[in-house]
Amino acid sequence: MNIAIYGGSFDPVHKGHEAIIKELSKLTEIDRLFVVPTYLNPFKSTFHFTPEQRYSLLKELLEDEAKAQVCDFEIRNNKATPTIETVKYLKNKYKPENTYVVIGADNLEKLHLWKDFEELNQLVKFIVVTRNGYEAKNDIIRFKRIDLDINISSTYLRDDLNLDYIPTKIVEKVLEYGRKNK
């Protein structure tokens, strides 16, 4: 069995995330896709939607996705959790032949700064999803590339909650959570 780990803040989850999940689900080399919302991104200090709200939104969004499931490992840790810990947890639990970590091209530049990067690089293969404005190349890892170039940012959506970018299935819940968080 081969697994892929797609982690992120998903604050809020948007159509770009949904498109990435759909593309990853099409890959024949991936048997199970674990979508892992962070409790708190190790490079950030706050979140807008609570970890429980983001988990709930992802669960609802992915309820019909056969290959994808939401993993609450990082949320249960109740702290910022480095990717290496999530990888070790899922590798220990599922014993996959291959493990892929999915990142956006915007993460390539600072990937070497991730906790225990050298060990992580030995444990996984990377899948890089392109994004407008970021070049998907580097000299430290080899990776499979997925070209999507969806120009949606959760940061932008938090500043101006444009519901056109929120998956239809979860719009009402996003609005509800947004009202609670004000």
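Residue positions are given per chain, counting from 1 as you read along its sequence in written order. In keeping with the predicted nature of the model, local features appear solely for residues at pLDDT of at least 70, side-chain atom pairs appear and are counted solely at 80 or more, and the whole-chain, interface and lining totals rest on all residues. Think of the side-chain values as coming from all heavy atoms in the structure, minus any hydrogens and water.

**Quick look at the overall build of the protein**
Looking only at helices and strands, the protein features seven helices and six strands. Put simply, the protein runs from its N terminus to its C terminus through helices and strands in the order β-α-β-α-β-α-α-β-α-β-β-α-α. Only protein chains enter the area calculation, which uses a 1.4 Å probe; residues under 20% of their type maximum are buried, those over 50% are exposed, and those in between are partly exposed. Looking at the protein as a whole, 47% of its 182 residues are labelled buried. The long-range share in the protein, meaning contacts at least 24 apart out of those at least 6 apart in sequence, stands at 69%. Computed by Shrake-Rupley with a 1.4 Å probe, the accessible areas treat only the displayed protein chains as cover when residues are assessed. Summing over all exposed atoms, the protein offers an accessible surface of approximately 9600 Å²; the carbon and sulfur share of this is 45%. Only DSSP runs of H or I reaching four residues or more are called helices, and only runs of E reaching two or more are called strands; each is numbered from the N terminus. What makes two residues a contact is simply this: any of their non-hydrogen atoms within 4.5 Å.

**Quick look at the packing of aromatic side chains**
In this analysis, rings of Phe, Tyr and Trp, with Trp reduced to its six-membered ring, are considered paired at centre separations within 6.5 Å, and the interplanar angle assigns stacked below 30 degrees, edge-to-face beyond 60, and tilted for intermediate values. Applying the stated rule across the entire model yields four aromatic pairs. Judged by centre distance (4.9 Å) and plane angle (40°), the ring pair of Phe 34 and Tyr 94 falls under tilted. Here Phe 34, found in strand β2 (residues 32-37), pairs with Tyr 94, found in helix α4 (residues 83-94); they are 60 residues apart in sequence, far enough to count as distant. Judged by its relative accessible area of 1%, Phe 34 falls in the buried class. Comment: the charge-over-ring label is applied if NZ (Lys) or CZ (Arg) is within 6 Å of the ring centre and within 35 degrees of the ring normal. It is Arg 54 that lies over the ring of Phe 47; its NZ or CZ is 5.3 Å from the centre.

**Quick notes on the nonpolar core**
What is meant by a nonpolar core is a set of buried Ala, Val, Leu, Ile, Met, Phe, Trp, Tyr and Cys residues, joined one to another through side-chain atoms within 4.5 Å. Counting 28 residues, the largest nonpolar core has Tyr 6, Leu 24, Leu 33 and Ile 127 as the members making the most contacts within it. Going through the elements one at a time, β1 (2-8), α1 (15-26), β2, α2 (51-62), β3 (68-70), β4 (98-104), β5 (125-129) and α7 (171-180) are the ones with two or more residues in this core. Among all residues touching Tyr 6, those that are not within four sequence positions of it are His 17, Ile 20, Ile 21, Leu 24, Leu 33, Phe 34, Val 35, Val 36 and Val 102. In terms of nonpolar packing, the next biggest core, distinct from the first, is built from 22 residues, Ile 5, Val 101, Phe 117 and Leu 120 among them.

Fair warning: the whole summary comes from geometry, so function is off the table for now.
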